Amino acid sequence: MTISAPRHPSLVALECGINFRDLGGLYTADGQRIRPRKLFRAGSLDQLSVADCEHLAGVPVSHVVDYRDPDEVTAKPDILWEGAHYHTCPANPIRHEVTANLESLGSDQLSAFDSQAFMLELYRRLPFNNPAYRQLVALLQRPEEGALVQHCAVGKDRTGIGSALVLFALGVDEKTVMEDYLVTDITLAPFREQLLTSLADTLNEKALSQFSFVLSVQEAFLATALRTIKARYGSINRWLATDYGLDDDARYQLQRKYLVD
């Protein structure tokens, strides 16, 4: 199924990609740029076409980091391409309390669901000591030249924090990180509208409203994560070093690999 998205410079021209974007071209605080076609962020890869797979194999995108819960993966497994190495890395820190697969919940459960509390709690917990992001960092530090895509269901929350981690490690400032996060409001819109339209047949109005909020892009979400990081560690750099081993030297090595003047 082809999902038509408003064009944005970061969007990769795929037939059936969901919010599939290239971080390449973003500027760091000191004026360097992230190399194009090396670091990607996306939603689920379960709808990719044959042409999409041929395109991604040609980049080549070598690593797929899937942040979804196991039940999400089972319901909608990724379509992979030749040369892709798949890494299942559940990132949802509250998956034992609330599944990220809200599509599996009925109207009664969703109607009673506090979507705002869920989202803010998710962003308060996602950044810290997360095994999924440790795996991401390990893959980024490998010497091979292939590209990497990190993704969750829609490429917004779990992928949002993973992408922020990468951007901060490469020296991108907080304003640019937030701007990249908010771009998802544009690039996710076609899929979000399509999904909500399909769910309107089975969910009541209150349940649909809760689901719609979870799919929304709010500056307050990422701001909550950043505020919590600073409250705990005092700075973004100290968080990167303490939780993910990205001290000054490790960040320098990543910058040499992924940045151009």
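If you're wondering where the values come from, they're calculated on a predicted model, not measured in any experiment.

1. Considerations on the overall build of the chain
From N to C terminus, the chain includes twelve helices and seven strands. Taking 261 residues into account, the globule formula puts the C-alpha radius of gyration at 18 Å, and the chain, at 18 Å, falls close to it. Seen along its three principal axes, the alpha-carbon backbone of the chain occupies a region of about 50 × 45 × 30 Å. Residues classed as buried in the chain amount to 55% of the 261 residues present. For the chain, the share of sequence-separated contacts (at least 6 apart) that also reach a separation of at least 24 residues comes to 72%. Summing over all exposed atoms, the chain offers an accessible surface of approximately 11,500 Å²; the carbon and sulfur share of this is 51%. Taking the average location of the 26 positive side-chain charges in the chain and that of its 34 negative ones, the two points are 5 Å from each other.

2. Focus: the side chain of T176
Residue position: T176 is located in helix 7 (residues 174-187). Ignoring any residue separated from it by four or fewer positions in sequence, one finds T176 in contact with L26 and Y27.

3. Describing the confidence of the model for the chain
Scored by pLDDT, the chain comes out at a mean of 91, with 90% of its residues at no less than 70. Contacts of residues 1-5 to residues separated by more than four positions or lying in other chains number 17 contacts, the stretch itself having pLDDT below 50.

4. What to know about the sheet that holds strand 5 (residues 85-88)
Strand order across the open sheet formed by five strands is 1-3-6-4-5, with mixed pairing between neighbours. With one partner strand each, in any of the chains shown, strand 1 (21-22) and strand 5 form the two edges of the open sheet.

5. Describing the nonpolar core
Here is a general trend for soluble globular proteins: nonpolar side chains tend to be buried in one another's company. By size, the foremost hydrophobic cluster in this structure holds 51 residues, and its most contacted members are Y67, Y133, W239 and L246. Of all the secondary structure elements, the ones that give two or more residues to this core are helix 4 (115-125), helix 5 (131-140), helix 6 (158-169), helix 7, helix 10 (219-233), helix 11 (236-244) and helix 12 (248-258). If you tally residues by element for this core, the top one is helix 6, at seven residues. Excluding its chain neighbours within four sequence positions, the residues that come into contact with L246 are V137, Q141, L165, A169, N237, L240, A241, R251 and L254. If you look at the next biggest cluster of nonpolar residues, it comprises 16 residues, including V12, L48, V64 and A147.

6. Some thoughts on the pairing of strand 3 (residues 39-42)
Neither face of strand 3 is exposed, since L39 and R41 on one face and F40 and A42 on the opposite face are all buried. Relative to strand 3, strand 1 runs antiparallel, the two sharing two bridges. Its bridge partner being in strand 3, R21 is matched across the sheet by R41. Two strands pair when backbone bridges link them, and strand 3 and strand 6 (residues 147-151) are joined in this way by four bridges, in the parallel orientation. Its bridge partner being in strand 6, L39 is matched across the sheet by L148.

Analysis parameters
Residues numbered from 1 in each chain as written. Predicted model: local features only at pLDDT ≥ 70, side-chain atom pairs only at ≥ 80, totals over all residues. Heavy atoms only, no water. Helix = DSSP H or I, 4+ residues; strand = E, 2+ residues; numbered from the N terminus. Rg over C-alpha atoms; globule rule 2.2 N^0.38 Å. Buried < 20%, exposed > 50% of the residue type's maximum accessible area, 1.4 Å probe, protein only. Contact = heavy atoms within 4.5 Å. Areas by Shrake-Rupley, 256 points an atom, 1.4 Å probe, with all protein chains shown as cover. Lys, Arg positive; Asp, Glu negative; His and termini not counted. Charge placed at Lys NZ, Arg CZ, Asp CG, Glu CD. pLDDT = per-residue confidence, 0-100. Pairing = 2+ DSSP bridges. Core = buried A, V, L, I, M, F, W, Y, C linked by side-chain atoms within 4.5 Å.

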